[in-house]
Amino acid sequence: MLTAFARAFKTPDLRKKLLFTLGIIVLFRLGSHVPVPGVSYKNVQICVEQAGNSSGLFGLVNMFSGGALLQITIFALGIMPYITASIILQLLTVVIPKLEALKKEGQAGTSKITQYTRYLTVALAILQGTGLVATARTGALFGSCPVGRDIVPDRSIFTTIVMVITMTAGTCVVMWLGELITDRGIGNGMSILMFISIAAGFIGALWQIKLQGKIADGWVEFGVVILVGLAMVCLVVFVEQAQRRIPVQYAKRMIGRRAYGGTSTYIPLKVNQAGIIPVIFASSLLYIPALVVQFSQSKAGWATWISKHFVKGDHPYYIAAYFLLIVFFAFFYVAISFNPEEVADNMKKYGGFIPGIRAGRPTAEYLSYVLNRITWPGSLYLGLIALVPTMALAGFGANQNFPFGGTSILIIVGVGLETVKQIESQLQQRNYEGFLR
């Protein structure tokens, strides 16, 4: 593998792509440490140290921003507005006929949908930036701050507008950097930036486990966590690569004196067809009740019940709701992203058929049957990956956003595999050996 990396850097055009990607990553990490104008950086550091890992309510967004959210930097919102906008547009494509027609227009329609995604990203960035500034001014971002340590000393409207504009501009820059990586670098730009954001807190979280450990100065807990993490990575790699291949045969067609078709191929249906989307949906939905309670500051019975059962991630009610939502959204997302009837119609149009299955409606029913069967283990796998690390590491004092947790490990492994495949394909085009012989 190291030899393959050396050969990649020896290839001029591939070396330029790798160095360009690394340069963008450096700029992204630098921007994650530049504070927003109007924020007291000294007071932010004091509040972060006092809060420790108690800021779990904003943990998911903080993880996707590489820790920039709690530092209130110019890249505080990170790529979350873009991710949210992409998911919303993808869901609306199924509901709105005009967007569905654009999707079928090919490259021109895709470009138009991408433009809509950018506009929606800016709107969401303004909304989330305003909410972040309002939360920071009240001190609720960290749970509690020492008296007299205001994060935003100047409460004027002008300062608030400047802060919101700065964070919105930072989100636009992050979106631009991600598109630059996609066009001129290696891999999908947004996925790479998401990978870097999560990996940025990896070493610190590991060391925190060691410091909080009690057996042999924490080295026993540290070793157990490493072993658990390696086992989880192996499981994720195994399931993410698993797929059900449905054979497809195309009939021969005679056009003049030449015969066309007659080839055999397959439809690859992944076990985890939905990817990381169900986990993000479930996490976002479960944050809503806790956010309502935090901003309302109500002492009513319903608010107390939500605070007791849904704010901390280790309560049985929270765990059960989280697991069921992941399973539901896995089926929901697969249903809107893969249309068996459309696939069956396309196969019939080009003379393709599944051996033993009649073309048309029987093919669509067969694809739907197979898809439902493999989605069940895929959804259960997502739920277990999201919950088992949280429950297993709770005894070591780790928070639910620890890097070996479900969301982070799925993203890290998935993006890592995809990026390695792209580099490997570039090497194979030049007759070089890949990462695995």
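Note: the structure precedes this text.
Remember, predicted model here, so these are calculated numbers, not experimental data.

The rules behind these values
- Residues numbered from 1 in each chain as written.
- Predicted model: local features only at pLDDT ≥ 70, side-chain atom pairs only at ≥ 80, totals over all residues.
- Heavy atoms only, no water.
- Helix = DSSP H or I, 4+ residues; strand = E, 2+ residues; numbered from the N terminus.
- Contact = heavy atoms within 4.5 Å.
- Areas by Shrake-Rupley, 256 points an atom, 1.4 Å probe, with all protein chains shown as cover.
- Buried < 20%, exposed > 50% of the residue type's maximum accessible area, 1.4 Å probe, protein only.
- Arc of directions from axis to C-beta.
- Expected span 1.5 Å × (residues − 1).
- Polar contact = N/O pair within 3.5 Å; in protein donor to acceptor, adjacent residues only side chain to side chain.
- Phe/Tyr/Trp six-rings, centres within 6.5 Å; stacked < 30°, edge-to-face > 60°.
- Salt bridge = Lys/Arg side-chain N within 4 Å of Asp/Glu carboxyl O.
- Core = buried A, V, L, I, M, F, W, Y, C linked by side-chain atoms within 4.5 Å.
- Patch = residues over 30% accessible without salt bridge, like charges linked within 9 Å, V, L, I, M, F, W, Y side chains within 5 Å.
- Axes fitted to C-alpha atoms, helices over the stretch in contact; angles between N-to-C directions.
- Parallel < 35°, antiparallel > 145°, perpendicular 65-115°, else oblique.
- Nonpolar A, V, L, I, M, F, W, Y, C, P; charged D, E, K, R; others polar.
- Pairing = 2+ DSSP bridges.

Caption draft 1: Representation of the overall build of the protein. Assigned secondary structure in the protein consists of 18 helices and five strands. Taking contacts inside the protein between residues at least 6 apart in sequence as the whole, the part at least 24 apart equals 71%. Total accessible area on the protein stands at roughly 23000 Å², and carbon and sulfur atoms take up 63% of it.

Caption draft 2: Molecular detail of helix α11 (residues 202-212). Of all the positions in α11, only A205, L206, I209 and K210 are classed as buried. Buried residues of α11, viewed axially, fall in a sector of 150°; they line one side. Across α11 from its buried face, at more than 90 degrees, point the exposed residues I203 and L211. Among the structural elements, α12 (219-241) are those in contact with the buried residues of α11.

Caption draft 3: Structural detail: helix α10 (residues 189-200). Here α10 spans 16 Å end to end across 12 residues, near enough to the 16 Å set by a 1.5 Å rise per residue. Among the residues of α10, those classed as buried are G189, M190, I192, L193, M194, I196, S197 and I198. Regarding α10, its N-cap is N188, as a side-chain oxygen of that residue lies 3.2 Å from the backbone nitrogen of M190 further along.

Caption draft 4: Up close: the packing of aromatic side chains. By the definition in use, this model includes six aromatic pairs. Judged by centre distance (5.9 Å) and plane angle (20°), the ring pair of F28 and F75 falls under stacked. You can see F28 sitting in helix α2 (residues 12-31) and its partner F75 sitting in the loop between α5 (68-71) and α6 (80-95), a full 47 residues away along the chain. Accessibility expressed as a relative area gives 0% for F28, which makes it buried. Taking the relative accessible area as the measure of exposure, F75 reaches 6% and is therefore buried. Note on F329 and F332: the rings are 6.4 Å apart at their centroids and 75° apart in plane angle, and the pair reads as edge-to-face. Here F332 and F329 lie together in helix α15 (residues 316-337), a separation of three residues that amounts to about one turn. For F329, a relative accessible area of 12% corresponds to the buried category. For F332, a relative accessible area of 33% translates into the label partly exposed. Through successive ring pairs, a cluster of aromatic residues spans F328, F329 and F332.

Caption draft 5: Region of interest: the pattern of salt bridges. Overall, the coordinates contain three salt bridges when judged by the stated rule. When the shortest N-O distance is used, the salt bridge between E179 and R118 registers 2.9 Å. With E179 in helix α9 (residues 157-184) and R118 in helix α8 (residues 107-138), this residue pair connects regions lying 61 residues apart in the sequence. Its relative accessible area of 28% is what places R118 among the partly exposed residues. Note that E240 and K270 form a salt bridge whose closest N and O atoms lie 3.9 Å from each other.

Caption draft 6: Seen up close, the nonpolar core. With 64 residues, the main nonpolar core has L269, V279, Y322 and L410 as its most contacted residues. Once residues lying within four places of it in the same chain are set aside, the contact partners of L269 are Q243, R244, I246, F338, V370, L371 and I374. Of all hydrophobic cores here, the second largest spans 15 residues; its members include A76, L77, V152 and M163.

Caption draft 7: View of a nonpolar patch on the surface. A cluster of nonpolar side chains, namely F5, F9, L19 and L22, defines an oily patch on the protein surface of about 340 Å² accessible area. Structurally, F5 can be placed in helix α1 (residues 2-10).

Caption draft 8: The arrangement of the packing of α2 against α9 in detail. Remark: α2 packs on α9, axes separated minimally by 9 Å, with the N-to-C direction vectors making an angle of 170°. One element, α2, and the other, α9, form an angle in the roughly antiparallel class. Residue-level contacts link K17, F20, T21, I24 and F28 of α2 to V174, L177, L180, I181 and R184 of α9. A per-class count over the contact of α2 with α9 returns seven nonpolar, one polar and two charged.

Caption draft 9: Spotlight on the side chain of T159. On the secondary structure map, T159 appears in helix α9. Assessed through its relative accessible area of 10%, T159 is described here as buried. In this view, T159 contacts G38 and D154; residues no more than four positions away in its chain are not counted.

Caption draft 10: Just the sheet that holds strand β5 (residues 352-353), in detail. Overall, antiparallel pairing links the three strands, which are arranged β4-β1-β5 in an open sheet. Strands with a single pairing partner mark the edges of an open sheet, and in this sheet they are β4 (264-270) and β5.

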